[in-house]
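The primary structure of each chain is shown beneath.
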Amino acid sequence: MRAIPFLTRAKMTVNNDLLAEVADVLRSGPRLAVLTGSGISAESGIPTFRGKEGLWKEFRAEDLATPAAFERDPRLVWEWYDWRRGIIGTREPNPAHLVLARWEKRFPGFALITQNVDGLHRKAGSGAVLELHGNIWETRCTSEGTVAESPETPLPEIPPRCPACGALLRPNVVWFGEPLPAEILQKAYEASGACGVMIVVGTSALVQPAASLPLLAAGRGARIVEINPDATPLTAAADFSLRGKAGEILPAIDKLLVSGGAR
Ligand code: NAD
């Protein structure tokens, strides 16, 4: 498909004037919601599913992150998660995560919604993160549904079992074909419907229902700021499309907010 840039209403590319304009919008004190995807963790060195470096042995994520795969071979699925946890465990939040953690205190009513399972927003200091797809550092008992923290890497036992009942544990993440946790999704809908500005960072805007959240926000009159090196299906609905890396653009906006940002 061919991109048709002149159909977009977004102000595009990144220059100081555009950053200052976004900072002005934020300085006017809107209720702010931020939606993040795997792109925000790219600069922390966490492979995306789709990139070449995201492949494990000969498997694709779509073949492993499913209830059917776990039922067929829980050991194989856990070996893959153990591999991913091993990588993620050595990675640190980057400046983009750190700015968002600060903004939680700066903007009253701030909401952070993420599709990421890596836990880097929490590690950066964000206290209230709506993790739509769960967290790779938690397990869930397949019998009792109990969720527990699981910080150890590599895992001492694969597949791990519930210490209380002996049933298999699974990663507390949402697999392909599974519904999202209802309460968290509801809160994400509420935050999206109530915000005056939504910043959408590092998501291809292809995975539903997360991709519908900015459209809900825009439909209620919120201004949409997209931060992504590439265009996405959301770009046409965005007011600002800042084409670049999250770890550079978010700190640049933050600097303007902190300094009062002369235009
Ligand atoms: P995606 O892989 O579909 O898209 C990533 C987007 O990030 C792309 O549009 C890309 O252009 C952009 N991007 C790349 N580098 C960037 C940077 N430095 N700054 C800003 N943007 C950048 O990711 P998605 O939309 O989040 O959907 C993938 C699914 O995979 C999600 O459900 C997510 O849970 C899961 N996933 C999570 C992780 C993680 O937790 N870190 C990693 C891989 C996959």
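Residues numbered from 1 in each chain as written. Predicted model: local features only at pLDDT ≥ 70, side-chain atom pairs only at ≥ 80, totals over all residues. Heavy atoms only, no water.

## Overview of the overall build of the chain
Next, step 1: Counting its secondary structure elements, the chain contains nine helices and ten strands.
Next, step 2: Expected size for 263 residues packed as a compact globule is a radius of gyration near 18 Å; at 19 Å, the chain falls within 12% of this value.
Next, step 3: Counting across all 263 residues of the chain, residues that qualify as buried make up 51%.
Next, step 4: Residue pairs at least 24 apart in sequence account for 69% of intrachain contacts in the chain once pairs closer than 6 positions are excluded.
Next, step 5: Surface summary for the chain: the accessible area is close to 12700 Å², and the carbon and sulfur share equals 55%.
Next, step 6: With 29 positive and 29 negative side-chain charges, the chain shows a separation of 5 Å between the mean positions of the two kinds. (Helix = DSSP H or I, 4+ residues; strand = E, 2+ residues; numbered from the N terminus. Rg over C-alpha atoms; globule rule 2.2 N^0.38 Å. Buried < 20%, exposed > 50% of the residue type's maximum accessible area, 1.4 Å probe, protein only. Contact = heavy atoms within 4.5 Å. Areas by Shrake-Rupley, 256 points an atom, 1.4 Å probe, with all protein chains shown as cover. Lys, Arg positive; Asp, Glu negative; His and termini not counted. Charge placed at Lys NZ, Arg CZ, Asp CG, Glu CD.)

## Quick word on the packing of helix 7 (residues 182-194) against helix 8 (residues 212-219)
Next, step 1: Contact pair helix 7 / helix 8: the axes reach a minimum separation of 7 Å and the direction vectors enclose 35°. Remark: the crossing between helix 7 and helix 8 carries right-handed chirality. Across the interface between the two elements, A188, Y189, S192 and G193 of helix 7 pack against S212, L213, L216 and A217 of helix 8.
Next, step 2: Residue composition of the contact of helix 7 with helix 8, grouped by class: five nonpolar, three polar and no charged. (Axes fitted to C-alpha atoms, helices over the stretch in contact; angles between N-to-C directions. Left-handed = near helix turned anticlockwise from the far one by under 90°. Nonpolar A, V, L, I, M, F, W, Y, C, P; charged D, E, K, R; others polar.)

## Some points on the environment of E178
Next, step 1: For E178, the location among the structural elements is in the loop between strand 7 (169-173) and helix 7.
Next, step 2: As a C-alpha pair, E178 and T66 span 112 residues in sequence and 8.1 Å in three-dimensional space.
Next, step 3: When neighbours within four sequence positions are excluded, E178 is seen to be in contact with P67, R170 and V173.
Next, step 4: Looking at E178, its side chain comes within polar contact range of the main-chain nitrogen of W175, at 2.8 Å. (Polar contact = N/O pair within 3.5 Å; in protein donor to acceptor, adjacent residues only side chain to side chain.)

## Side note on unusual backbone geometry
Most peptide bonds adopt trans geometry, and most residues besides glycine take a negative phi value.
Next, step 1: Looking along the chain, the bond that leaves T153 and enters P154 is cis, with omega of -5°.
Next, step 2: You can see P154 is positioned in the loop between strand 6 (147-149) and strand 7.
Next, step 3: That bond from Q208 to P209 is cis: its omega, 5°, falls within 30 degrees of zero.
Next, step 4: As for its position among the elements, P209 is in the loop between strand 8 (197-201) and helix 8.

## A word on the pattern of salt bridges
Next, step 1: Under the defined criterion, the tally for this structure stands at eight salt bridges.
Next, step 2: Where D24 meets R27, a salt bridge forms, and the shortest distance between an N and an O atom there is 2.7 Å. Within this pair, D24 and its partner R27 are both found in helix 1 (residues 16-27), separated by three residues, close to a single helical turn.
Next, step 3: Residue class for D24 comes out partly exposed when judged on its relative accessible area of 27%.
Next, step 4: Across the salt bridge formed by K187 and E183, the nearest N and O atoms sit 3.8 Å from each other. Remark: E183 and K187 occur in helix 7; sequence separation between them is four residues, near one turn of the helix.
Next, step 5: The partly exposed category is assigned to K187, whose relative accessible area is 42%. (Salt bridge = Lys/Arg side-chain N within 4 Å of Asp/Glu carboxyl O.)

## Focus on the domain arrangement of the chain
Next, step 1: Looking at the assigned domains, one finds that the chain contains domain 1 (1-44 + 93-133 + 181-263) and domain 2 (47-90 + 136-173).
Next, step 2: Just the C-alpha atoms count here: the centres of domain 1 and domain 2 sit 28 Å apart.
Next, step 3: With nine residues of domain 1 at the interface, the matching set in domain 2 holds eleven residues.
Next, step 4: Carbon and sulfur atoms supply 48% of the area that domain 1 and domain 2 bury against each other, a total of about 630 Å² over both sides.
Next, step 5: Looking only at domain 1, the three residues that lose the most surface to domain 2 are V117, D118 and R122, adding up to 52% of its buried area.
Next, step 6: Notably, a salt bridge pairs E138 with R122, separated by 3.2 Å at the nearest N-O pair.
Next, step 7: On the surface where domain 1 and domain 2 come into contact, there are three residue pairs in polar contact (both at pLDDT 80 or more).
Next, step 8: A breakdown of the residues in the side of domain 1 that touches domain 2 according to their chemical character gives two nonpolar, four polar and three charged. (Domains from an automatic or database assignment. Buried area = accessible area lost by both parts, 1.4 Å probe.)

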